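One letter stands for each residue in the lines below.
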Amino acid sequence: MASSIYKEIADELRQRITSGQLAAGDDVPTEAELAERWNTSRGPIRNALASLREEGLIETTRGRPARVVERKAHQAVDVSIPFTRWARDLGTKPGAVTQSLSLRRPTEEEALLLGIEPTEHVVHVLRLRLLDGRPTMLERLTYTETVGRLLFDADLDTVSITEYLGERGHASIDVHHEIDAVAADDDDARLLEVEPGAPILRLKRVSRDGEGRAFEASDDRYRSDIVRFTVAASGRASSGEHYLRAFAGS
């Protein structure tokens, strides 16, 4: 009975938070108030609050009531979801403001990631992504020339590039992600509206087609006060290998 009570308490509080009845900065009812409201001991109350804290909905501090925090958007990195669909699944309005679309030579790193010669051409996109009009993520996208040239026929402020290319025979069948944190450079700071040098999250991605050929390399910079990454995995593959591996940088 107690285990179901804590879930009911958490569900009610979660609904009050997501509906805006309890806004960011508001105090959650005290343990005593919740215990009286639910006619239960403080054990289930504390379990319910712990559940909401783990979800990033509230923060708890010793000696004062729990407080609602500003919600962060969760981005799963063990799957590949287009930003546009991810935003809509969150119940927010996605937006895009394309900064540049160009045909140029690849950098040494881009050529290596895409498996092409440095003398070949790539198509590069710099695009700001928005959630409900708020600058959230800055995309740096690099495509092999054949694939990237398709983007010159699209309105990149209104389409999901992933879905647009998929509809034209260039679906991402295999995607490799790499996550780290970096200091915001001048472009990041100006477009994401953060201070230069502020810590931001970076998600680097290489997408391959059904034949294993890389056609997209991206460097996405997220505001860390809006987005956090999650991984839904047990931590081990069936072979015993870790899904998440330690990485020793140079």
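Note: the structure precedes this text.
Let me begin by describing the structure that accompanies this report. Computed from a prediction, not measured in an experiment: that's the story for all the values here. (Residues numbered from 1 in each chain as written. Predicted model: local features only at pLDDT ≥ 70, side-chain atom pairs only at ≥ 80, totals over all residues. Heavy atoms only, no water.)

A tally of regular secondary structure across the chain gives eight helices and 10 strands. Taken across its 250 residues, the chain has 40% of its residues classed as buried. Sequence-distant contacts in the chain: of pairs separated by 6 or more residues, those separated by 24 or more amount to 59%. With an accessible surface of roughly 14200 Å², the chain has 47% of that area assigned to carbon and sulfur atoms. (Helix = DSSP H or I, 4+ residues; strand = E, 2+ residues; numbered from the N terminus. Buried < 20%, exposed > 50% of the residue type's maximum accessible area, 1.4 Å probe, protein only. Contact = heavy atoms within 4.5 Å. Areas by Shrake-Rupley, 256 points an atom, 1.4 Å probe, with all protein chains shown as cover.)

Okay, the sheet that holds strand β8 (residues 199-208) next. Strand pairing within a sheet occurs via backbone hydrogen bonds; the two strands may be parallel or antiparallel. One open sheet accounts for six strands, arranged β4-β5-β6-β9-β8-β7; its pairing is antiparallel. Among the strands making up the open sheet, the edge pair consists of β4 (94-104) and β7 (174-183). On average, each strand axis in the sheet is inclined to that of its neighbour by 15°, with strand direction left out of account. Judged from the 10 bridges that link them, strand β5 (residues 122-131) and strand β6 (residues 134-144) form a sheet pairing that is antiparallel. Bridge pairing in β6 places V123 opposite Y143. (Pairing = 2+ DSSP bridges. Axes fitted to C-alpha atoms, helices over the stretch in contact; angles between N-to-C directions.)

So, on to the pairing of strand β2 (residues 64-68). By the bridge criterion, three bridges tie strand β1 (residues 58-61) to β2 in an arrangement that is antiparallel. In the sheet register, T61 faces β2, and the bridge partner there is R64. Linking β1 back to β2 in an antiparallel pair, the connection comprises two residues, with G63 at a positive phi of about 95°.

Another point: unusual backbone geometry. Its identity as a non-glycine residue notwithstanding, N39 has a phi of 55°, on the positive side. Here N39 lies in the loop between α2 (31-38) and α3 (42-54). Here N39 falls in the exposed class, since its relative accessible area comes to 71%. The backbone phi angle of D132 is positive, close to 50°, even though this residue is not glycine. One can find D132 in the loop between β5 and β6.

For α2, every residue scored as buried is listed here: L34, A35 and W38. Take α2 and look down its axis: the buried residues cluster within an arc of 100°, on one side only. At the C-terminal side of α2, N39 shows a positive phi close to 55°. (Arc of directions from axis to C-beta.)

Okay, the environment of A35 next. Relative to the elements of secondary structure, A35 occurs in helix α2. By relative accessible area, A35 is classed as buried at 13%. On a C-alpha basis, the gap between A35 and R46 in space is 9.9 Å, while along the polypeptide they are 11 residues apart. Apart from the residues within four sequence positions on either side, A35 is in contact with T40 and I45.

Before going further, it helps to spend a moment on the packing of aromatic side chains. Aromatic ring pairs: the centre-centre distance and the angle between the two ring planes describe each pair. Throughout the structure, instances matching the rule amount to zero aromatic pairs. Directly above the aromatic system of W38 lies the positively charged group of R37, at a separation of 4.6 Å from the ring centroid. Stacked on the ring of Y164, the Lys or Arg R168 has its end atom at 3.7 Å from the ring centre. (Phe/Tyr/Trp six-rings, centres within 6.5 Å; stacked < 30°, edge-to-face > 60°. Lys NZ or Arg CZ within 6 Å of the ring centre and 35° of its normal.)

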